[in-house]
Amino acid sequence: MSVMDNYILQVHGLQVTFTDIERNEIHVVDGVSFSIKQGETLALVGESGCGKSVTSLALLRLLDGNGRIRGGNVLWQGRDILSLPLREVRSLRGREIAMVFQEPSSALNPVYTIGDQITESMLRHQKVSPAQAKKQAEEMLRLVGIPEPRKRLEEYPHALSGGMKQRAMIAMALSCRPRLLIADEPTTSLDVTIQAQILELIKELQKRFHMAILLITHDLGIVANMADRILIMYAGKVVEEGNKQDIFRRAAHPYTRGLLNSIPRMDQAKGTFASIPGTVPDPAHFPEGCRFHNRCGEFTETCLSEPGKIHLENEHFVLCHYPLGQKTLGCRAK
Amino acid sequence: MTSERRQLIRRLFLSTSGFLGFSLLAFFCIVALCAPWLAPPPAGRDPYLMPVVEWSPNPQPPSSEYIFGVAGKRNIYYGVIWGTRSAFRVGITVTVISTMFGLLVGAVGGYFGKIVDEVLMRITDIFLAIPFLVAAVVMATILGPGLDNVIRALIFFSWMFPARLIRGNILQIKEEQYITAARSVGVNHVGIIVRHVLPNSIFPVLIQASMRMGSLVITAAALSFLGIGARENYADWGGLLNYARNWMLGGGGEVLRYWYMVVFPGAAMVLFVLAWNLVGDALRDVFDPRLKV
Amino acid sequence: MFFYIARRLLFLPLTLFGISLIIFFMFMRLSPEQRVALYITSPERLRGDNVERLIDLHGLRDPWHIQYGRWMGNVVRGNLGWSNVGKEPVYSAIMRRFPYTLELALYSALPIIWLGTWLGTLSALYHNRPLDHTLRISAVVGWSFPDFVFGFFVLMIFYSILGWFPPGTLGAEADAVVKSSQFRSFTGMVTIDSLLNGRLDVFIDTARRLAGPVLTLTYVGFAYILRIARSSMLEVLGREYIRTARSKGLEEKVVINKHARRNAMIPVATVSGQTIIALLGGTVIVETIFNRVGIGSFMATAAQQLDFASVIGGSLFFGVILVLGNLLVDVSYALIDPRVRLD
Ligand SMILES: Nc1ncnc2c1ncn2[C@@H]1O[C@H](COP(=O)(O)OP(=O)(O)O)[C@@H](O)[C@H]1O
Ligand SMILES: [Mg+2]
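Residues numbered from 1 in each chain as written. Chains lettered and ligands numbered in written order. Predicted model: local features only at pLDDT ≥ 70, side-chain atom pairs only at ≥ 80, totals over all residues. Heavy atoms only, no water.

Caption draft 1: Spotlight on the nonpolar core. In this structure, Ile76 of chain B together with Phe27, Trp71 and Phe148 of chain C are the most contacted members of the largest nonpolar core, which totals 158 residues. Considering each element in turn, this core owes the most residues, 16 residues, to helix H11 (residues 259-287) of chain B. For Ile76 of chain B, the contacting residues outside a window of four places in its chain are Phe68, Gly69, Val70, Ala71, Leu240, Tyr260, Met261, Phe264 and Pro265 of chain B. Leu44, Val89, Ala107 and Leu231 of chain A belong to the second-largest nonpolar core, a separate cluster that totals 77 residues. (Core = buried A, V, L, I, M, F, W, Y, C linked by side-chain atoms within 4.5 Å. Buried < 20%, exposed > 50% of the residue type's maximum accessible area, 1.4 Å probe, protein only. Helix = DSSP H or I, 4+ residues; strand = E, 2+ residues; numbered from the N terminus. Contact = heavy atoms within 4.5 Å.)

Caption draft 2: Molecular detail of the pattern of salt bridges. Taken as a whole and assessed by the stated rule, the structure comprises 39 salt bridges over all chains. One salt bridge connects Lys258 of chain C with Asp116 of chain A, and the closest N-O pair in it is separated by 2.7 Å. Taken as a pair, Lys258 of chain C in helix H12 (residues 252-289) and Asp116 of chain A in helix H4 (residues 114-125) lie in two separate chains rather than in one. Note that Asp281 of chain B and Arg227 of chain C form a salt bridge whose closest N and O atoms lie 3.7 Å from each other. Note that Asp281 of chain B is positioned in helix H11 and Arg227 of chain C in helix H10 (residues 200-237), a pairing that runs across two chains. Here Asp281 of chain B matches Arg227 of chain C in class, with each residue buried. When salt bridges that share partners are traced, they join Asp30, Lys237, Arg291 and Glu306 of chain A into one network. (Salt bridge = Lys/Arg side-chain N within 4 Å of Asp/Glu carboxyl O.)

Caption draft 3: Inspection of the pairing of strand E11 (residues 309-313) of chain A at higher detail. All names here are of chain A. In this structure, E11 lies alongside strand E12 (residues 316-319), joined through four bridges in antiparallel fashion. Among the inter-strand pairings, His311 is bridged to a residue of E12, identified as Phe317. Joining the antiparallel neighbours E11 and E12 is a turn of two residues. (Pairing = 2+ DSSP bridges.)

Caption draft 4: Highlighting the site of ligand 1. Residues and elements named next belong to chain A. Among the 13 residues in the neighbourhood of ligand 1, the closest are listed as Gly49, Lys52, Ser53, Val54 and Asp64. In this structure, an oxygen atom belonging to ligand 1 sits 3.1 Å away from a main-chain N or O atom of Gly51. The separation between an oxygen atom of ligand 1 and a polar main-chain atom of Lys52 is 2.9 Å. Here ligand 1, which alone exposes 560 Å², has 68% of that area covered by the protein. Of the residues forming the shell around ligand 1, the biggest block, three residues, is contributed by helix H1 (residues 52-59). Residues that form the shell around ligand 1 fall into these classes: five nonpolar, five polar and three charged. (Near = heavy atom within 4 Å. Polar contact = N/O pair within 3.5 Å; in protein donor to acceptor, adjacent residues only side chain to side chain. Areas by Shrake-Rupley, 256 points an atom, 1.4 Å probe, with all protein chains shown as cover. Nonpolar A, V, L, I, M, F, W, Y, C, P; charged D, E, K, R; others polar.)

Here you go:
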């Protein structure tokens, strides 16, 4: 990629494995690369189980105990997070890169008050007194649209509704003004009307704080509304990448087409896609060659071999033997 | 499915605790089965009554004739060997009967729910509110001595544990079934209990039972140790330890002289209980999905 | 919080009623002649052919519900019958012994809960590493040790060989001091009273004698807490809020000690009630082995001598103590878990 762009985060060839009970190493994320520019929103899209969450957790080395990063690098302003001492990674977490998770009810600690959990990261990263932190926390709660913020500070998570909890989560994540927000399916667990409000809130705060967002979702409807660029992930690999227009107008991968076709019919609760037959394969048994071949309408024998990455137009790439809508095969990218 | 199950069973036997536990259990089974050959009883006598081998009431340390020593005029070795049978008898009888009764109570409570459940659970709580050993002491005192009475007393105060477990499982499954039941039509709850709940609860119940086996055998032995359990001179580990009591407490600083009266029956008991606990531990590691990884 | 405790309080009399019923039906299996001891207040009355008259007087052949009412009436007034073993009314025999048992139970409960929680957490943090395996094995072994076997070992090692922890409640000298008129009793617990009276020698004597039983109860009891603390810590460490805490950049120490520990303590708090129940049962054995004064050894002796009134009085007393103890545990549980507190 070109050097002139002001990327704040660059990920190259990320490899993640998990060790299962039988001590086998299972490749869950296999060579994922992408980059994020200052202030932009990059959407990471794919069905459940594709490895989106694992990818995002690996960026901050937050994988579970049985997870290992087996390769690649994650450059944050020129420094490789994967080879920094853990102490320095910790000082990045929450301060420069913050996260919002899918299920606010389980992501908030039930035995501490909202106020305690918000001020905690300010006290960790900024030179503020507890009283100042509390004041700022109240301000944050007001900013994310929680009524009676002072009272809420003293409340426990279970006293808040799902939408309010997610707002509190967002307040917590943004309390140190991070430059990148990783939002892992931030609205999946919420009602449709509340989803829209939360997304609107995120957009508004993004403008206000000039931060970049890595938005993880399985819902292309959300993507249309939020994203600048889009990354389509399938079975641990990025299968298509491009800006919003490229993907929505000229999707090249059959999987992306499938996702697009299913937007209105999507079953919210399950994150499955009506128009693509079958399910995401289990990482222990990824198919040979193109990993999508067993669900693909364009399947030929060629698909049993590994596809190469193809450069279609300016920033549009695809990983497929038969990219759709391309009269001629584009030149192969390096 | 079957290969998965086979793999689980392989893991069960190959884990350290599983291997040790099952080996110990096998050893005790062999001892119990071979008791008539390992310690031949005098002809025509009840083998469970330890025969008198010495006329002096003083304990005697291990010798070539009595390898574990003599206590209360009885051969400790004989008591340890035949006591294995008593331990199995108490442990298995109490566990099986109390588990079945507990299953019934738990299933009824979980299935009918509401008031029935509330009442049954209150009763369960009440039974749990008396310390197990204290309750067993009262019951055994009232019923009088004898291993059968010990078994009765223990059953009476140990059905609550499986009852709670099975009730919890039923409630959980009912909740899950509720969702699918909304979609399908005409769900037969009894059928669900028999076909889904019981098979799913088998392993938790087994794990709990094997863990409980240990504490039951300990409590039975405690009763005998206190002199209100098995009849005097009955082949029973707790009873052997009861002989030790007077010598150790009255013996002042000489406790150590009578070590063999404690060490041999004590070791048998610890290993026996350990075996069941290890098996329970291994079962839990393999079958409790919450603790995987 | 209020409703939660109110609910518990509401069930309190119900539970006590249930316990009394269980005990009542157990002793109704005894013959009226055996049951007489439960009603009388002094042994003289039992002489000669009085027994038959007493059976009539206390209506021991009446229908069970009438007998139950009469017995409960007695119990509520503190009349638990005559103790042959104690040579005094059961109630005062129990009350005199209670401080000793309470003392033993308190000193054992603290290390059991503290040690169990600490080691269980450690075990979870070193999951599947050598430390974890070592701790788990020692827990399973501890769990498998009957208290009377372990108690004998403690006697052999710490008394016979090392001479550190003698059995008994008090040595002859200390006993004389405690019984003298200068020695004021504040709590009935000798460790505390001796300090309040400024008698360090008595304190040391009683502490040495307490050490053996406490060691025994602790070793046999900590394993259960360890197991619960370990598995609940493991479970909590896999929760999403732990990941959230880490994503905020918190130090691992804070993540564990603040965010994980408190949640992991909730199940530990629930079972610590059960642990104390088991502990009180354990005093029956341990007080007997170490030859201590207490309700446990009182019940054991009474059981051997078929002193039914004492056995039944003791169990009733244990039941009441436990119900009250569990209430305390429930309240402390509410203090840890705000979801319960605010219900
Ligand atoms: N701790 C773990 N141990 C083993 N496998 C895991 C673990 N976490 C995630 N996985 C597996 O990694 C794959 C990708 O998961 P994830 O990244 O959560 O998917 P999603 O795209 O829905 O976020 C899934 O197949 C999941 O089963
Ligand atoms: Mg996910």
